[in-house]
Amino acid sequence: MKRQWGYALPDTPTFRGYRATLKISYKVLLNSDSCEHGGRAFQNLPRHMQRRAVSSNPKRLPRYLQERHKKEGGANVKPTHRPRRKYRRRPCNLLAEYNRRQKEFIWLETHIWHAKRFHMKRQWGYALPDTPTFKGYRATLRAATKSCLIQDVSYLCCIELEGPKKPVIAGMSRMIEPTSLAALTDSQFQFGQKWISVTLFQPGRQPYGAVGDADILWHPPSSFTSETKSEATKVWIWVHPSAHNQVLEGLVEVFQLVKIQNRSKIMSGKMFDTSRLGEEDAEVSSNDRDKCNVPENSEEEVRLQQDLHGTEVIRGCIETKHLQNEEIQKSTDHACDDLGQEKNKMEKDGVDNVHQLKINKHENVRNVNAVKLEMKNIPFERTPKYANTSNFITVTLLKDTLNRFKLTGPKSYAVLMAALNPAKVTTTAEESLSSSCDESQYLNQPWWKQYYHSTESVLCHQQQVDTWKKIASSPLLPRVILPLTVRDPRVTLPRKKVPILAVKPDTGEKLEHSDWPGDSPLYDSDLRDVITQSKEPDAVINKRRSQLLVPGSKLPENQDEARVPVLLLSRPLTSSAGHGSGWDVIVAAGWGMSVWMSLVFCGGAAGGQQESENLHLETYTPLPPHLMPDTLAGSYYSRWLAEKRHTQFFKRPPAKRHNYIKLGVQYPFCPPWRKLLQDWEPGAQDIFVLRDVKLLNSLAQLIENFVTKSVQKSAQKRKANEQDKVSGKKLRTDRLRKNIHDFEAYSEKDSESKGLPGEDSSFESHADSLQTDELYQKLTFEELLKLNHGCLVMVKLTLLHKGTVEPCAMICLPEEEDFKAKEMITKPNDISDGLLEPTHADTQSTQRVKLKEEHAKIKGRIRRLRRKARLKVATDTDIQSAALSDQNIEKATAHALEKVKEENEVILTKYSSFKDEMEVAWLMKTDEPLQCCSRKIMGYITLGNFCQALGKGAGIGWVALRSLHFLHMFRKKYDEHTGSTTESQEFEESKWKYSVLVRNPSNLQYRWAKLSLVVQAK
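Residues numbered from 1 in each chain as written. Predicted model: local features only at pLDDT ≥ 70, side-chain atom pairs only at ≥ 80, totals over all residues. Heavy atoms only, no water.

### Details of the overall build of the protein chain
The number of helices and strands found in the protein chain is 40 helices and 25 strands. When burial is assessed residue by residue, the protein chain has 46% of its 1018 residues classed as buried. For the protein chain, the share of sequence-separated contacts (at least 6 apart) that also reach a separation of at least 24 residues comes to 77%. (Helix = DSSP H or I, 4+ residues; strand = E, 2+ residues; numbered from the N terminus. Buried < 20%, exposed > 50% of the residue type's maximum accessible area, 1.4 Å probe, protein only. Contact = heavy atoms within 4.5 Å.)

Structure representation (structure tokens):
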């Protein structure tokens, strides 16, 4: 370096390299597009179009920059914000959004109402209301026990089974228990007057392979059917969505069904003879077939020809349905057109019918109802079907085509009486005369005028209404089906929510037996479609209400008002306290929200899925399939729930987690039912739940009798000991030595009057106990051994003292020391702190420490290797290549990091497996024996909480049948050894019966609980 004028000038070689590098960078800039702010297309905008961020819409740029912007990836940019509310609230956008949002999870018709007031959850393919946003636990329980609780159970799936009666019953017998077959073939059930609840199994695997409970409804044989159809029958099978696929697979296997695409394939072999009908009555015009896409000889025509009340009714309903379908199609194609254009279009087409003109006037409003039902299998032609043409058996999936509401509580009947008013189906003489003269007007009449055109149908409706009124003055008959045709619920809707009023019976007649007809328009698929599609818009009802002279008064019933057919199903009591009874309401699709709002405004309290689980604990309502331990749905749900609890557990920091190893809890997230049964019954491969009601009642009565006898025996011994002590003291008294004989005579009289045990009474008590033991031995070794003992029994546990029961709590068999410690409890609130599980040694603590240290070392080593690779790439790259492009450096760095990954693959595998190994180290090993605690495990709790009905902690669980036998024998042996009990203990024994120990997975405390069997009558 030479110094000139005080400055150090660079050497010639160094200066030349610098100039070469600068020259290359100038060339790069010259080759790129000249711009003011950058080289991207959106950076070359004119000054007045420049913004901080570029729009996601390429059309916002000038046309000469749009193609270049798309090549640079601008077309792939998606908008990050929602459209404005102004555009989202447009009618066409609302309907499109309504259907789009339920593509993955189907919405109930009451979804919008529930979403504003409930926490929603997505399960089984539906968006269901979980629990109210307000504090509704006690309110809903109070409604279910004292008032009326309403729930939307439209997610229940209906399967229609159709065919000859004998093959249907023979196939169903392969999927139900033999004890349920007699009830299934009862005349009241087959005539549609009662329904039955049975447990479905995989074909031929009873009692194993349970699928779930199902409600079976027989369609009544129509009084207008011919002799050729007398052997045909239809059955509705209502199942829970968690077991729907398994039930369908069982039906397909039993009846050898094949899924069909075209409905005409069903009638390839005619099931019934229609030759008796005239050609005009049995055929539909080709124009109407083209409009409705109905194939020739389709099942709709045959169904109508079989079920309706005459050939004119058949033609009328078919043509009316064609007109309705045509109107729905037109309204769907022109959803966003102007209302005036629609009126002009219909006038040009020459529509003169008053009813059609009324529909077209509000066509845009009616389109809302039609579009909302596009995601469901409506009309009937869209429902999936399975058929077997050899034996003429057809299975139709009516899923999402019917609405069902569940009312629970003593005032359910009063709510239904206020919400559903029976309609008048009779017409005046002038109207009947005009309809008989003008056939075109008769065909365009509402469906109910055509259905109730005969005297027999009107008389049938009147008998159903009279029966509905008689129920108010008679006790509720269990499992009754009562069809009813009511007025439009929107017409009778109260102005505001009113309290539930007591129902005063109109007549003093009582309903002694089910003698009402079971016919209902709801059983016919074509009429259901007509009822759904002919619903008037709410604007028409509101306009009629606005024209009333007295605001808030009821609208008078007229002939233009819609009629709605419903099915009312009564449910029996589920608990000895008189809770659990109620009604179910089945209504056609499209009318769900109307009926629901009427039930709410008439005093019903709404509940969700969480309230249903609470009722299982409070009122012993039947459990759905996903809460049963021996069903496929139950295993899936239990696995999902275990994963959810597992994830929540490991989201907590280590200091906030329960150490289940120290607590001695092997399965804190999911009960191991199979391992439990294999522990009590070695060699058991499969499990099942004991569902035989007769056997469960015998077992429950046996336990109750044994406890009663043991308490009576201990009381007799106690009284005898007290008498001996009193007599001994008096004998030692000198003053009463002379009156010994008088005292003995007095004691004998007193014993006879008070019933103290003598020789005869002790002999009778001993004989009774022997008889009880023989009954128990007979029940155990003869009947229960046939079940292989590999079964679970449903029990309910109620804590003796304070505390609550958590899910996955362990039901343990007490020991002799535990009973002695229990006898030391003198005060009701005294808790024996001695019943504690000894703290287990944490054998995994050292392993967790080692894993954490190794993970830290590997993490530091990998960090250093990656930093070294990046530094090497930076030093090896010269300034010239760096100036050419930044991508070369990025590629070189990625290549170096990939090389580090390949060279240290073993270490990285160990690093990535740290999470799984640490989770395993936090839990007990599942390959160890189940009985790892100081008390032997009998079973587990699945539902536990504070029971409001009892005022104590309670839970529902399952125990092995063999463990109940062990508990009984141990209790019997212990009573024989102890014998004497105090008076308070006698009361405690009679109150709490069988006592077991319960331990929550979160602590070491054992708590005493009363064990009682849960018997759910089908």
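### Some details on the confidence of the model for the protein chain
Per-chain confidence: the protein chain averages 77 in pLDDT, with 70% of residues scoring 70 or above. With pLDDT under 50 throughout, residues 263-366 is counted as low confidence; its partners more than four residues away or in other chains account for 166 contacts. Across residues 729-777, where pLDDT falls below 50, the model places 24 contacts with residues more than four positions away in sequence or in other chains. (pLDDT = per-residue confidence, 0-100.)

### Details of the packing of helix H37 (residues 905-912) against helix H38 (residues 914-921)
For any two helices packed against each other, the geometry comes down to the angle between their axes and how far apart the axes lie. Viewed as axis vectors pointing N to C, H37 and H38 meet at an angle of 45 degrees, and their least axial separation amounts to 5 Å. Between H37 and H38, the interaxial angle falls into the category oblique. For the pair H37 and H38, the contacting residues are Lys910, Tyr911 and Ser912 in the first and Phe914, Lys915 and Glu917 in the second. (Axes fitted to C-alpha atoms, helices over the stretch in contact; angles between N-to-C directions. Parallel < 35°, antiparallel > 145°, perpendicular 65-115°, else oblique.)

### Focus: the packing of helix H34 (residues 845-876) against H37
Contact geometry of H34 with H37 gives a least axis separation of 10 Å together with a crossing angle of 130 degrees. Relative to H37, the element H34 is oriented oblique. Classified by chirality, the crossing of H37 by H34 is left-handed. Taken together, the residues of H37 that come into contact with H34 (itself represented by Glu854, His855, Ile858, Lys859, Arg861 and Ile862) are Ile907, Leu908, Lys910 and Tyr911. Of the residues that constitute the contact of H34 with H37, the class distribution is five nonpolar, one polar and four charged. (Left-handed = near helix turned anticlockwise from the far one by under 90°. Nonpolar A, V, L, I, M, F, W, Y, C, P; charged D, E, K, R; others polar.)

### Some thoughts on a negative patch on the surface
A cluster of like negative charges, contributed by Glu898, Glu902, Glu903 and Glu905, occupies part of the molecular surface. Sort the elements by how many residues they give to the negative patch and helix H36 (residues 886-903) lands first, with three residues. Of note, Glu905 is situated in helix H37. (Patch = residues over 30% accessible without salt bridge, like charges linked within 9 Å, V, L, I, M, F, W, Y side chains within 5 Å. Areas by Shrake-Rupley, 256 points an atom, 1.4 Å probe, with all protein chains shown as cover. Salt bridge = Lys/Arg side-chain N within 4 Å of Asp/Glu carboxyl O. Lys, Arg positive; Asp, Glu negative; His and termini not counted. Charge placed at Lys NZ, Arg CZ, Asp CG, Glu CD.)

### Overview of the pairing of strand S13 (residues 393-397)
Counting buried positions along S13 yields five of five residues, so the element is predominantly enclosed. Burial along S13 is two-sided: Ile393, Val395 and Leu397 facing one way and Thr394 and Thr396 facing the other are all buried. Here strand S12 (residues 385-388) runs beside S13; their pairing, made up of four bridges, is antiparallel. Residue Ala387 lies in a different strand from S13, and its bridge partner there is Thr394. Hairpin connection, S12 to S13: the antiparallel pair is bridged by four residues, and Phe392 has positive phi, about 60 degrees. (Pairing = 2+ DSSP bridges.)

### Thoughts on the sheet that holds strand S8 (residues 196-201)
If you walk across this open sheet you meet the seven strands as S8-S9-S10-S7-S13-S12-S11, and the pairing is antiparallel. Here the strands that pair on one side only, and so sit at the sheet edges, are S8 and strand S11 (258-260). The sheet shows a mean angle of 30 degrees between the axes of neighbouring strands, taken without regard to direction. Contacts between helix H7 (residues 165-172) and the sheet are confined to strand S7 (157-164), strand S9 (210-218), strand S10 (232-239) and S13, with S7 contributing the most and set at about 130 degrees to the helix.

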